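Summary of structural features
Next come the chains, spelled out residue by residue.
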Amino acid sequence: MTNASNANDLALLYRVGRGDRGAFSELYRLYQPRLYGYLRRLLPDPTTVEEVLDDVMLVVWKDARKFRGQSAMSTWIFGIAYRKAMTALRSEIRYQAPLDRSTDANAIADKTSPDIDWIRAALVHLSPDHRQVVELTYFSGFSYAEIAAIASCPINTVKTRMFHARRRLKVLLPALAGQAREHDRERA
Amino acid sequence: MNARKLMPHEEAIELLPWLINDSLSGDERDTVLDHARSCVICRRETKALENLRDSVKRVISPAPIPAPDMRNINARIDALIHRQNLGRRWLSWIAEFCVSPWRIAFVAQTVLLVVLGTAVLWPTTRNAEFTTLTQSQDLADGHYLRVVFSPDLTHARLGVLLDDLGLAIVDGPSERGVYTLATQNSMTVAERDIALTHLSNHRSVLFAQPVDLGAAP
C-alpha cells in the first residue's frame, strides 16, 4: 500500500471516528469487496458472510477513534475480520463439520488431477488457523509481518502455520504440489 | 561480486509463499531468489506453490461479490446511536440536576435518611442458631430430665435402669447425644430428685439435670 493511499485511508477513518456517516459509507464500499471475498472463501454460507462482514464494519464504526495508526488501516480492519472469521469458523466446524469434512482425506489424496470440489475439500481439512494463513497469503496478498499483525501472533507462528498448511496440502493434493509421481510410487 | 549474505535453506523455504505473493521486501526477496537459484529443492517448491496458488485461486475466486447493501449495517448503527444518545441524555440530565448545591444536598439527605431508616428498622434480633442442653419450650413442668449416657451403656442395661427409676425416654438423642426423659405423672418432685441423684451417681450417666433448672452447668 502506498503512503498516499494510507493517508487517504487515515483521513477517511478520522472522519468515521467523528461520526461521519458519509465517510463510513465510502469506507464500507472501499473494503466490502475485499472483506466479502476474504470471508466468503473461509465461510461456506453467504448469509453468515454478510453477517460477519456487518459485524466487522460495526466494530470499525465503534472503534475508529481508537485506531492509533500503528499498522496500515487495511491490516487493522483485516485483524478485526480475522477474529470474527475465526469465531464463525470455529462454530461452523462445531456444528457443520460432519457434512463439510465428510470427505476422507485419503480419498482426496488419491485424486491425481484434483477438480474444484476436491480442492475445496482439501482446504476444509486445514485447521482454521492454517486456512487463514493460506487465505491471507495467497488471496489477500499480505506479507508475513502483516499477517502476524492481523492474527496478533509472532511472525514465527505465521511461518510455522504456513509450513504445516503446506505440508498438509501436499499430502492432500500431491498432484497440485507436483508430486503425483512420487506420491504414487510411495503408495505403490 | 555479490555482497548479499546467503540465506540458510530452512529460512528460504519458509519464505517462498511470500515470494510468490510478492510481498517480501526488496532485500529479502533478492536473498531468497539468490538461494533458490542454487537450490533445486526451493525451485521445485516454488513451482509447486505457484501451481497450488493458481489452482486454489481458480477454485475460489469466481464467487460473485454482491453489491454493497448497507441497510442492515445502517440500521445497527442507528440503534447504536440511539442507545448512545439515550445514555448521553441521562448523563446530561444528571449533570444539569447536580448544578445546584441545594439539589445535591437534598439528594444526599434523602439517601442518608433512607440508609438510617433502613438501619434502624431492620430487624436485628435473630434466633440463636445453637441449642443448649436445657433449652426447651414445653418441657419445663418438673417432669422431664436431660440425660447424657455413656457410649458403653448397652440397650438392655439402659432399659433396666430406666425401669428401675420409673423413667421413659421421650426424645433424643440430640446431635450432642442428649436424651429427654419423662418421669411418671404420679412422681413427686422429691421422688424425681432421688431418681436424678441415682442417675447422676450411675457410672454410665455422664450428665443429668431437670429441664426446668435453667442453663446447663
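It should be emphasised that the depicted structure is a prediction, and the values quoted were computed from it without experimental measurement.

A word on helix α6 (residues 155–165) of chain B
In terms of burial, α6 of chain B is a largely surface element, one of the eleven residues being buried. Positioned one or two residues after α6 of chain B, G166 of chain B has a phi angle of 70°, which is positive.

Let's talk about the interface of chain A and chain B
Listed per partner, the contact involves 30 residues of chain A and 24 residues of chain B. Among the elements of the structure, α2 (21–42), α3 (46–63), α6 (116–124), α7 (128–138) and α9 (155–172) of chain A are those that each provide at least two residues to the side of chain A that touches chain B. Tallying contributions element by element places α2 of chain A first for the side of chain A that touches chain B, with nine residues. When grouped by side-chain class, the residues that make up the side of chain A that touches chain B number 17 nonpolar, seven polar and six charged.

So, the sheet that holds strand β1 (residues 144–149) of chain B
Residue and element names in this part refer to chain B. Across the sheet, four strands lie side by side as β2-β3-β1-β4; this open sheet has antiparallel pairing. A strand with exactly one partner marks an edge of an open sheet, and here the two such strands are β2 (167–171) and β4 (205–210). This sheet shows a mean twist of 35° between the axes of neighbouring strands, independent of strand direction.

A closer look at α9 of chain A
Residue and element names in this part refer to chain A. Its 18 residues place the ends of α9 26 Å apart at the C-alpha level, agreeing with the 26 Å of an ideal helix rising 1.5 Å per residue. Taken together, the buried positions of α9 are occupied by V158, R161, M162, A165, R166, L169 and L172. All buried residues of α9 fall inside an arc of 135° around its axis, so they share one side. Exposed side of α9, more than 90 degrees from the buried face: N156 and R167 are the residues found there.

Details of the nonpolar core
Core analysis: the largest hydrophobic core is formed by 63 residues, its most contacted members being L39, A81 and A85 of chain A. When neighbours within four sequence positions are excluded, A81 of chain A is seen to be in contact with L35, Y38, L39 and V56 of chain A. In this structure, F149, L165, L196 and V211 of chain B belong to the second largest nonpolar core, which totals twelve residues.

A look at unusual backbone geometry
What is expected of a backbone is that most residues other than glycine have negative phi and most peptide bonds are trans. In this structure, the amide linkage connecting G172 of chain B to the following residue, P173 of chain B, adopts the cis form with an omega of 0°. Take P173 of chain B: it is sitting in the loop between β2 and β3 (178–183). Unusually for a residue other than glycine, S152 of chain A sits at a positive phi of about 50°. Considering the arrangement of structural elements, one finds S152 of chain A in the loop between α8 (144–151) and α9.

Cut-offs used in this document
- Residues numbered from 1 in each chain as written.
- Chains lettered and ligands numbered in written order.
- Predicted model: local features only at pLDDT ≥ 70, side-chain atom pairs only at ≥ 80, totals over all residues.
- Buried ≥ 20, exposed ≤ 12 C-beta atoms within 10 Å, placed from the backbone.
- Helix = DSSP H or I, 4+ residues; strand = E, 2+ residues; numbered from the N terminus.
- Contact = placed C-beta atoms within 7 Å.
- Nonpolar A, V, L, I, M, F, W, Y, C, P; charged D, E, K, R; others polar.
- Pairing = 2+ DSSP bridges.
- Axes fitted to C-alpha atoms, helices over the stretch in contact; angles between N-to-C directions.
- Expected span 1.5 Å × (residues − 1).
- Arc of directions from axis to C-beta.
- Core = buried A, V, L, I, M, F, W, Y, C linked by C-beta atoms within 7 Å.

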